Each structure stands twice: as structure tokens, then as C-alpha cells.
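Report on the structure
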Amino acid sequence: MNKPICSTGLRWLWLVVVVLILDLGSKQLVLQHFTLYESTPLIPYFNLTYAQNPGAAFSFLADKGGWQRWFFALVAIIISAVLLVMMYRSSAKQKLSNAAYALVIGGALGNLFDRLVHGFVVDFIDFYVGEWHWPTFNIADSAICIGAAFIIIESFISPDDKKTASISQ
């Protein structure tokens, strides 16, 4: 039984495209205008700093010789495929979960592009306080974290609340 695409969560794929445009566009600007580890202060506690991450979050497995590039690429593909299926099976009215899935997919595909094209992920967002710096990240990482937070928040909404929300829409 085929459902019209607009009635499914796939209606939210526009958000994947927005994340990809913002992520890949910002990374391209960094690659064109920065040298590796170059940093430019923007506002207090926030720099743009070009870094390369061959690993995952917080440079996890960054020093493992290159196999992790293909492992994380495969993980991104599998997660994106699973979330696409979940979006297809869900109603377009399930805004929070579909937005969450789209954010995660967009972020995963943005970092996947980097891994396949460059062999590393381009990071450039650098928050700091004094000498302490949060690990440098990018827009794709932000989208993944926000999407994951939405998934967690959505898991706390009771089934009755979900029914009430979908009836009122």
C-alpha cells in the first residue's frame, strides 16, 4: 500500500536540504578562507577556527589509521536509511519526531560528504571561556545534537499527549 509522500514524514525532507546547504556552504567558506588551525574571533567566547576531524564526536577514534573514515561513513548511511524509513512510516503531523529525524539525517549526510570527499570532517565553531575550549564542531554536528535532543524530548511525551496534539492540528 503506497501512501502519498505529503502525508508521510518525508514531507519534512526540506529540512534535510536546509541543513545540507547551511553545513556544506559554511564548510566551503572555511576551506576557501582559512588555513588549518587559523582562528578568527567573532564575539567574546566565540571564534571561527578551522580544524580537521578524521574521527567522530570529540575526535573519537581520530588516531586509528584511516579505517574509521569508512566505518563512520557506513554508520551515517545506515542511520540515514533507518530514519528515512521511520519518516515514511510516520504521519506528516508528527512534527517533532520528523523534524528530529530530518536534522539528524541532514547532519549525518553533511559529515558523510566531508568524509568521502576530504577524508575528514571540517570543523570550525569554537566556543571557549578563558583557556578552556569546547571541542570544535560544525553545523552538521549541531543539527545532529538538536535532532537527538528532540528525539529524547519526544520520548517523554505520553501517548495521550501525542493523540491530543495530533487531534488539535
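An unreviewed UniProt entry annotates the protein as Lipoprotein signal peptidase originating from Xenorhabdus aichiensis. The record held by UniProt for the protein lists under Pathway (unreviewed entry) the comment "Protein modification; lipoprotein biosynthesis (signal peptide cleavage)."

This part takes up a nonpolar patch on the surface. On the surface, Y45, F127, V129, W132 and W134 cluster together into a nonpolar patch covering about 570 Å² of accessible area. Among the structural elements, Y45 can be located in the loop between β1 (39-43) and β2 (46-53).

In this section: the packing of aromatic side chains. As enumerated under the stated definition, the model contains five aromatic pairs in all. Here the aromatic rings of F46 and F127 are separated by 5.0 Å at their centres, their planes lie at 40 degrees, and the arrangement is tilted. Residue F46 is found in strand β2, and its partner F127 is found in strand β3 (residues 121-129); the two are separated by 81 residues along the sequence. Among the aromatic residues, ring-to-ring pairing joins F46, F127 and F137 into one connected group.

Along any regular strand, the residues point their side chains to alternate faces of the sheet. Bridging between β1 and β2 involves four bridges; their strand directions are antiparallel. Bridge assignment links P41 to a residue of β2, and that residue is N47. Here β1 folds back onto β2, and the loop between the two strands holds two residues, one of which, Y45, carries a positive phi near 75 degrees.

Bringing the side chain of N47 into the picture now. Along the polypeptide, N47 turns up in strand β2. Other than its neighbours up to four places away in sequence, N47 contacts S39, T40, P41, L42, F124, I125, D126, Y128 and H133.

In this structure, L15, L83, M87, A102, L103 and I105 are the most contacted members of the largest nonpolar core, which totals 14 residues. Mapped by element, the contributors of at least two residues to this core are α1 (13-33), α2 (67-89) and α3 (95-118). Looking at which element gives the most residues to this core, the answer is α3, with six residues.

Another point: the pattern of salt bridges. Applying the stated rule across the entire model yields two salt bridges. Salt-bridge contacts for K27 lead to D23; the nearest nitrogen and oxygen are separated by 2.8 Å. A residue pair is termed a helical-turn pair when its members lie 3 or 4 positions apart in one helix, as K27 and D23 do in helix α1 at four residues. Assessed through its relative accessible area of 0%, D23 is described here as buried. Measuring nitrogen to oxygen at the nearest pair gives 2.9 Å for the salt bridge that ties D114 to K27. Here K27 lies in helix α1 and D114 lies in helix α3, a separation of 87 residues in the sequence. The pair formed by D114 and K27 is uniform in burial state, with each residue classed as buried. It is possible to trace a salt-bridge network through shared partners that takes in D23, K27 and D114.

Definitions and cut-offs
Residues numbered from 1 in each chain as written. Predicted model: local features only at pLDDT ≥ 70, side-chain atom pairs only at ≥ 80, totals over all residues. Heavy atoms only, no water. UniProt positions renumbered as here; feature names shortened; annotations may be inferred. Patch = residues over 30% accessible without salt bridge, like charges linked within 9 Å, V, L, I, M, F, W, Y side chains within 5 Å. Areas by Shrake-Rupley, 256 points an atom, 1.4 Å probe, with all protein chains shown as cover. Salt bridge = Lys/Arg side-chain N within 4 Å of Asp/Glu carboxyl O. Helix = DSSP H or I, 4+ residues; strand = E, 2+ residues; numbered from the N terminus. Phe/Tyr/Trp six-rings, centres within 6.5 Å; stacked < 30°, edge-to-face > 60°. Pairing = 2+ DSSP bridges. Contact = heavy atoms within 4.5 Å. Core = buried A, V, L, I, M, F, W, Y, C linked by side-chain atoms within 4.5 Å. Buried < 20%, exposed > 50% of the residue type's maximum accessible area, 1.4 Å probe, protein only.

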